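# Remarks on the overall topology
The chain contents come next:
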Amino acid sequence: MKPREVAGGGRAVEVPPERLAGFFTRFAERHGGITATSGTAHEVRVTAADGTSATAAVPFGPLEEPSVAGLVAHALVPRRIALVVVRRGSHSVGIARDGRIEVSRTDRHLVQGRSAAGGWSQQRFARRRAGQARHALQDAAKDVFEVLVPRLSEVDAVVLGGDRRALDELREDRRLAPLFSRAEPRVLDVGEPSRAVLEEAAVRALSVQVTLRDG
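Described below are features of the structure shown in this document.

### Here we look at helix H4 (residues 164–171)
Listed as buried for H4 are Ala166, Leu167 and Leu170. Taken around the axis of H4, the buried residues stretch over an arc of 100 degrees, which confines them to a single face. Seen from the buried face of H4, the exposed residues on the opposite side, beyond 90 degrees, are Arg164 and Arg165. For H4, the N-terminal cap is Asp163; the gap from its side-chain oxygen to the backbone nitrogen of Arg165 is 3.3 Å.

So this is what it looks like as structure tokens:
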């Protein structure tokens, strides 16, 4: 994934577990060496000689050994993950082991984006669109409940992706409370949900997000 700007300055990158050790080695080489390392159960930060810092958010925490070596070992642990990616008109859910989908379900519904000129009144159109979105989210909740909730005892973590508002509406379904209570803090920014997007999310879910800030 390309670096993306983050609030408060800096840029975030997603680093696959198998590349994490090399990432920190190259970071040290580019910035004159590491002068300080600090960590908690939830993040590990290194600061280079030129003042540049790299802060890694711990996935699937807490981290028992708050160090770069501890983070690398933690990230490399094999895991089975429940995935939920959803937007207003589509969703894809599944179980992945070590980045490979084992079982999944995907669906898409029409949710119109805007009214055409000369069409229905704005109020009537808005009601219809709200109904379409509600129906799509009901189907998403049904698939999450049928595919993922019965398998929660088999997974190590839950990772979400897509539209945060749609995810928040799914949270209101009490049947899904056991799943959302285990969801990772990070929400993956993904495209329109599909099987291909779910496969991409399965790989990205294992990555470590590192925020780089210049000195």
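### Re unusual backbone geometry
Going from Gly61 to Pro62, the amide bond is cis rather than trans, its omega being 5 degrees. The phi dihedral of Phe60 falls on the positive side, at around 55 degrees, and the residue is not glycine. Although it is not a glycine, Asp98 adopts a positive phi angle of roughly 50 degrees. Looking at where Asp98 falls in the secondary structure, it is placed in the loop between strand S7 (90–97) and strand S8 (100–108).

### Quick word on the nonpolar core
Of all hydrophobic cores here, the largest spans 24 residues; its most connected members are Val84, Leu148, Leu170 and Leu179. Those elements giving two or more residues to this core turn out to be strand S6 (80–87), S7, helix H3 (122–148), strand S9 (157–162), H4, helix H5 (177–180) and strand S10 (183–188). Among the elements that line this core, the one with the most residues is H3, at six residues. With residues near it in sequence (within four places) discarded, Leu179 still touches Val84, Val144, Leu148, Leu152 and Val158. Ranked by size, the runner-up nonpolar core spans 19 residues in total, among them Val15, Val44, Ala54 and Val208.

### Remarks on the environment of Glu192
Turning to its location among the elements, Glu192 is positioned in the loop between S10 and helix H6 (195–204). Given the relative accessible area of 41%, Glu192 is considered partly exposed. Spatially, the C-alpha atoms of Glu192 and His91 are 8.0 Å apart, while their sequence positions differ by 101 residues. Contacts of Glu192, omitting those with residues within four sequence positions, involve Arg87, Ser90, Arg108 and Val197. A polar contact of 2.6 Å, which involves the side chain of Glu192, links it to the side chain of Ser90.

### Focus: the pairing of S8
Taken together, the eight bridges between S7 and S8 define a ladder with antiparallel strand orientation. Directly across from Ile95, in S8, lies its bridge partner Val103.

### A word on the environment of Val147
With respect to the element layout, Val147 can be found in helix H3. With 52 residues separating them in the primary sequence, Val147 and Ile95 have C-alpha atoms 8.5 Å apart. Those residues within four positions of Val147 in sequence are excluded, and the remaining contacts are Val93 and Arg105.

### Considerations on the packing of aromatic side chains
Within the structure shown, the criterion is met by one aromatic pair. Considering the side-chain rings of Phe23 and Phe24, the 5.5 Å spacing of their centres and the 85 degrees angle between planes classify their relative orientation as edge-to-face. Under the relative-accessibility criterion, Phe23 is labelled buried at 9%. A relative accessible area of 7% places Phe24 in the buried class. We note Arg175 situated over the ring of Phe145; from NZ or CZ to the ring centre the distance is 4.8 Å.

Conventions adopted
- Residues numbered from 1 in each chain as written.
- Predicted model: local features only at pLDDT ≥ 70, side-chain atom pairs only at ≥ 80, totals over all residues.
- Heavy atoms only, no water.
- Buried < 20%, exposed > 50% of the residue type's maximum accessible area, 1.4 Å probe, protein only.
- Helix = DSSP H or I, 4+ residues; strand = E, 2+ residues; numbered from the N terminus.
- Arc of directions from axis to C-beta.
- Polar contact = N/O pair within 3.5 Å; in protein donor to acceptor, adjacent residues only side chain to side chain.
- Core = buried A, V, L, I, M, F, W, Y, C linked by side-chain atoms within 4.5 Å.
- Contact = heavy atoms within 4.5 Å.
- Pairing = 2+ DSSP bridges.
- Phe/Tyr/Trp six-rings, centres within 6.5 Å; stacked < 30°, edge-to-face > 60°.
- Lys NZ or Arg CZ within 6 Å of the ring centre and 35° of its normal.

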